[in-house]
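# Observations on the three-dimensional arrangement
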Amino acid sequence: MIWVKVLSKQETEREDFVEMAKADSKKICIVKHNGKFSAIQNTCPHAGGILSGGWCKEGNIICPIHRWEYNLTNGRGAEGQGDYIDIYPTELREDGLYVGFKQNWIKKLFS
Ligand code: FES
């Protein structure tokens, strides 16, 4: 696992938010919801909407384009959608928030 810092400590201390962050050159979506962090892919698998422009509802991220929903814990689309999003592990450290990427993904993600 390769850990990449995506937010400073100061940025992590804000109230709940949904926003885009960069892990090297890769755009991902960071969610802070009820104080808990999630890192997910930034592009909606339905039709390419930008998930970091969406919002949270009951543990799901809502895509702003057609309002499809994805579970922030397991990435599953809501019933009937039949799709999913990638979820990346997060770790809150003394100096900020880190996101973990599997080593065999790293070439694809950062090339
Ligand atoms: S593009 Fe996200 S729901 Fe359609």
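Under an unreviewed UniProt entry, the protein has the name Rieske (2Fe-2S) protein and belongs to Pedobacter polaris. Of the protein, the UniProt comment under Cofactor (unreviewed entry) reads exactly: "[2Fe-2S] cluster". Its UniProt record gives the protein the following Sequence similarities (unreviewed entry) comment, quoted word for word: "Belongs to the bacterial ring-hydroxylating dioxygenase ferredoxin component family."

Ranked by internal contacts, the top residues of the largest apolar core, which has 14 residues, are Val 6, Ile 28, Ile 30, Val 99 and Phe 101. For this core, the secondary-structure elements that each account for two or more residues are β1 (2-8), β2 (17-23), β3 (26-33), β4 (36-41) and β10 (96-101). Setting aside residues no more than four positions away along its own chain, Val 6 makes contact with Glu 11, Ala 21, Lys 22, Ala 23, Ile 28, Ile 30, Leu 97 and Val 99. Formed by eleven residues, the second largest nonpolar core is a distinct cluster that contains Cys 56, Cys 63, Tyr 70 and Ile 85.

Here we come to the side chain of Asp 83. Along the chain, the position of Asp 83 falls in the loop between β7 (69-71) and β8 (87-88). It turns out Asp 83 is buried and unbridged, and the closest side chain with the opposite charge, Arg 76, is 9.6 Å from it. Within the local environment of Asp 83, its side chain forms a polar contact with the side chain of Gln 81, the two groups lying 3.2 Å apart. Not counting chain neighbours up to four residues away, the residues in contact with Asp 83 comprise Pro 45, His 46, Trp 68, Tyr 70, Gly 75, Arg 76 and Gly 77.

Considering all chains together, one arrives at five salt bridges under this definition. The partner of Lys 5 in a salt bridge is Asp 95, with the nearest N and O atoms 3.8 Å apart. Taken as a pair, Lys 5 in strand β1 and Asp 95 in the loop between β9 (90-93) and β10 lie far apart in primary sequence, 90 residues in all. Here Lys 5 falls in the partly exposed class, since its relative accessible area comes to 39%. For Lys 57, the salt bridge is made with Glu 69, and the minimal N-O distance between the two is 3.5 Å. Of the two residues, Lys 57 is situated in strand β5 (residues 55-57) and Glu 69 in strand β7; the sequence distance between them amounts to twelve residues.

Here is what the cut-offs are and how they apply
Residues numbered from 1 in each chain as written. Predicted model: local features only at pLDDT ≥ 70, side-chain atom pairs only at ≥ 80, totals over all residues. Heavy atoms only, no water. UniProt positions renumbered as here; feature names shortened; annotations may be inferred. Core = buried A, V, L, I, M, F, W, Y, C linked by side-chain atoms within 4.5 Å. Buried < 20%, exposed > 50% of the residue type's maximum accessible area, 1.4 Å probe, protein only. Helix = DSSP H or I, 4+ residues; strand = E, 2+ residues; numbered from the N terminus. Contact = heavy atoms within 4.5 Å. Lys, Arg positive; Asp, Glu negative; His and termini not counted. Salt bridge = Lys/Arg side-chain N within 4 Å of Asp/Glu carboxyl O. Polar contact = N/O pair within 3.5 Å; in protein donor to acceptor, adjacent residues only side chain to side chain.

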